[in-house]
Amino acid sequence: MRAGSFASTGRAGCRPALSAAAIARRALPILALAIPPAAIRGAEPLQARLDGGPFLPYRINRASLAADEGLLGDLELDGRRWDGTAIPLFRAQLGAQMGRTEIAFYLDEEVRGLEVRLAGVGEPRVLQLDLTRAEGREPPGETKLRARMRALDPPLRFAPSARPPARFALEGSDLGSAGVRVAAILFGVPISRTPLIFLGLSSLAAALAAALPRSGGRRSALAVILPLAAALAVTPLVALLAPPPPTLFRAAFPGHDPSAPVSGVLERRIEERTDHTLISYAASQAEAGALAQRGRVELVGLSALPEQGIPLEEVAAPGSILRLFPAPVVTNRDGQLRLGGRGFILGWVVRHEPD
Amino acid sequence: MNRIRLLSRLLFLAPLLALAAYVGLAPDAGLPRWAIFTVLAAYARLGALALGAAGSEKALLFAETLPFLAYAHAVAGREPGATVTLSSAEGAAAAAALLSVEALVEPGMGTFTGCLVFVAFAAGAGVVMGSISPAAFLAAALLVLAGSRYAALRRSHP
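Residues numbered from 1 in each chain as written. Chains lettered and ligands numbered in written order. Predicted model: local features only at pLDDT ≥ 70, side-chain atom pairs only at ≥ 80, totals over all residues. Heavy atoms only, no water.

Caption draft 1: Looking closely at the overall build of chain B. When helices and strands are tallied, chain B shows seven helices and zero strands. Of the regular secondary structure in chain B, the N- to C-terminal order runs α-α-α-α-α-α-α. Relative to the 2.2 N^0.38 estimate, which gives 15 Å for 158 residues, the radius of gyration of chain B is 16 Å and therefore close to what a compact globule would have. C-alpha atoms of chain B, sized along the principal axes, occupy 55 × 45 × 25 Å. When burial is assessed residue by residue, chain B has 45% of its 158 residues classed as buried. Restricting to contacts in chain B with at least 6 residues of sequence separation, those with at least 24 account for 80%. Total accessible area on chain B is roughly 7300 Å²; 76% of this is exposed by carbon and sulfur atoms. (Helix = DSSP H or I, 4+ residues; strand = E, 2+ residues; numbered from the N terminus. Rg over C-alpha atoms; globule rule 2.2 N^0.38 Å. Buried < 20%, exposed > 50% of the residue type's maximum accessible area, 1.4 Å probe, protein only. Contact = heavy atoms within 4.5 Å. Areas by Shrake-Rupley, 256 points an atom, 1.4 Å probe, with all protein chains shown as cover.)

Caption draft 2: Looking closely at the interface of chain A and chain B. Taken residue by residue, the interface counts 42 residues in chain A and 34 residues in chain B. Taken together, both faces of the contact between chain A and chain B bury some 3100 Å²; the carbon and sulfur share is 67%. Together, A:Leu199, A:Ala211 and A:Thr235 form the three largest contributors to the area buried by chain A at its contact with chain B, with a combined 16%. Taken together, the connections running from chain A to chain B amount to zero salt bridges. For the side of chain A that touches chain B, the secondary structure elements donating two or more residues are helix 4 (194-211) and helix 5 (221-241) of chain A. Ranked by residue count, the leading element in the side of chain A that touches chain B is helix 4 of chain A, at 11 residues. When the residues that make up the side of chain A that touches chain B are grouped by side-chain class, the tally is 29 nonpolar, seven polar and six charged. (Buried area = accessible area lost by both parts, 1.4 Å probe. Salt bridge = Lys/Arg side-chain N within 4 Å of Asp/Glu carboxyl O. Nonpolar A, V, L, I, M, F, W, Y, C, P; charged D, E, K, R; others polar.)

Caption draft 3: View of the sheet that holds strand 9 (residues 247-252) of chain A. Residue and element names in this part refer to chain A. An order of 8-10-11-9-12-17-14 is seen for the seven strands of this open sheet, with the pairing classed as mixed. Sheet topology places strand 8 (167-173) and strand 14 (321-325) at the edges, where each strand pairs with a single neighbour. Between one strand and the next, the sheet's axes are offset by a mean angle of 20°, whatever the strand orientation. In this structure, strand 12 (residues 297-303) lies alongside strand 17 (residues 345-350), joined through six bridges in antiparallel fashion. Bridge assignment links leucine 299 to a residue of strand 17, and that residue is tryptophan 348. (Pairing = 2+ DSSP bridges. Axes fitted to C-alpha atoms, helices over the stretch in contact; angles between N-to-C directions.)

Caption draft 4: Structural detail: the packing of aromatic side chains. A complete count under the given rule lists six aromatic pairs over all chains for this structure. With a centroid separation of 5.9 Å and an interplanar angle of 45°, the aromatic rings of A:Phe249 and A:Phe344 are classed as tilted. Of the two residues, A:Phe249 sits in strand 9 while A:Phe344 sits in the loop between strand 16 (336-340) and strand 17, which places them 95 residues apart along the sequence. Given a relative accessible area of 0%, A:Phe249 falls into the buried group. The structure contains a cluster of three or more aromatic residues connected by ring pairs, namely A:Phe187, A:Phe249 and A:Phe344. Sitting above the plane of the B:Phe118 ring, B:Arg45 keeps its charged end 5.9 Å from the centroid. (Phe/Tyr/Trp six-rings, centres within 6.5 Å; stacked < 30°, edge-to-face > 60°. Lys NZ or Arg CZ within 6 Å of the ring centre and 35° of its normal.)

Caption draft 5: Summary view of the nonpolar core. Counting 72 residues, the largest nonpolar core has A:Leu114 and A:Val182 as its most contacted members. Counting residues per element, this core draws most heavily on strand 5 (residues 86-107) of chain A, which supplies 10 residues. Here A:Leu114 is in contact with A:Leu50, A:Phe55, A:Leu77, A:Asp78, A:Gly79, A:Leu89, A:Phe105, A:Leu107, A:Leu127, A:Gln128, A:Leu129 and A:Leu131, once residues within four sequence places are set aside. In terms of nonpolar packing, the next biggest core, distinct from the first, is built from 41 residues, A:Leu199, B:Ala48, B:Leu69 and B:Leu99 among them. (Core = buried A, V, L, I, M, F, W, Y, C linked by side-chain atoms within 4.5 Å.)

Caption draft 6: Spatial organisation of the pattern of salt bridges. Per the counting criterion, the structure on display carries 24 salt bridges over all chains. A salt bridge links B:Arg9 to B:Glu57; the shortest N-O distance between them is 3.4 Å. Of this pair, B:Arg9 sits in helix 1 (residues 3-23) while B:Glu57 sits in helix 3 (residues 56-64); the two residues are 48 residues apart in sequence, bridging distant segments of the chain. We note that B:Arg9, like B:Glu57, is buried. Among the ionic pairs, B:Glu102 bridges to B:Arg45, the shortest N-O distance being 2.8 Å. Here B:Glu102, found in helix 5 (residues 81-105), pairs with B:Arg45, found in helix 2 (residues 33-51); they are 57 residues apart in sequence, far enough to count as distant. The same class applies to B:Glu102 and to B:Arg45, which are both buried. Residues joined in a network through salt bridges with shared partners are A:Arg269, A:Glu271, A:Arg273 and A:Glu314.

Caption draft 7: Structural view of helix 4 of chain A. Look at helix 4 of chain A: 26 Å from first C-alpha to last across 18 residues, which is about the 26 Å you get at 1.5 Å a residue. Buried residues belonging to helix 4 of chain A abut helix 5 of chain A together with helix 1, helix 3 and helix 4 (66-75) of chain B. (Expected span 1.5 Å × (residues − 1).)

Pasting the structure below:
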């Protein structure tokens, strides 16, 4: 990744060179149109600017979208990968006309551009930002940080256990192997068994109805009504009880050096929050609450749809460096930023930037 | 009580129960809606063929898979409660429309080839289900259902 490739630049059509000091300033306006938006899906250009930056990978970046003509409607921010695919990064519904709105989004090194789409009255309008055209030098320590985060691959998650243990022993393996075991054994989303009971009862009713005596080869009225009524009664119950609740998993690995073998015993704590369940594993009570240790690494897992979302501060404290897969969708609900996604999101959070 | 029919029905529903229990172990697959509907419609149609079900008996078999459709949308499809209800309604309407058209074209139990054609149309309906709004899909399915029932009525009472 070229140094400083995500740093901000000047206005469209006029891109002055930036010094390192200018990069460090956080209030630079960013407006770069790499591809005419009208060429994409017949969209009109969005006359707006994206303030903030530099936009860096492995962080939750915060920016401010401002437009003189006002912003109203469904706001979407997508990332464009090197192969052209778009990934959703931010979603918000702007119910009232506003001149400026806050945006937050996660970036990794595969995203080459950003596309802001505003759909409201009339044709959708699009603002595009080519991140690879940004100029300037990257912040100090960025190369080392990115190398470190590249080494922290989010583990694959195979058939998570339905009954995770309350205590889990780390066997002195490296962090990557420990992450795979933790994700497979401990990060199982709790599923209610009650819907299965209703499905069983409905099936039993259907089987009994099928076995009832018939006259002239045709079912009696009861033999038709019973399975129908059971199916129609159980379906809404299943719809109500079956969807798994939003869940955040955290496993804090003891020690400060991610390259060293990890050992010890992780103990589970379950906390029912207002809108999600937090299941955390840590070596001790002190570890679970201690967020001030430099370079501490946590494996996090999110099971939450974008419309549900888990508060951003619960997943990653301000200043954290993180690598998540797939990229989460950030939503803004009642002024609170939340993370969610269609599938299970898994990744690493380094609580503070290492030296 | 007819034990054979009881066992046959349990044999039809037991794999669905087992699959539901298994799916509960891997709840965040994020399966697309068209896949969920197609798999269940195919299973119900082939099961009806195996059980020799025709007419209303076939329709009842489909109705009995409706709770499993809801469960699959909720757990494997990771949809919230309200969306699950809507998806189930769309699935029920699509199945009713497909069965009604099939009864018009190939009355009775049907053939294995007919089953495959049914599954292909079910897959198409699943794709359409994911592409248009629920209201539009429900309206289209009910239109197809009403039209095929009217055609069947005209055929039986010329």
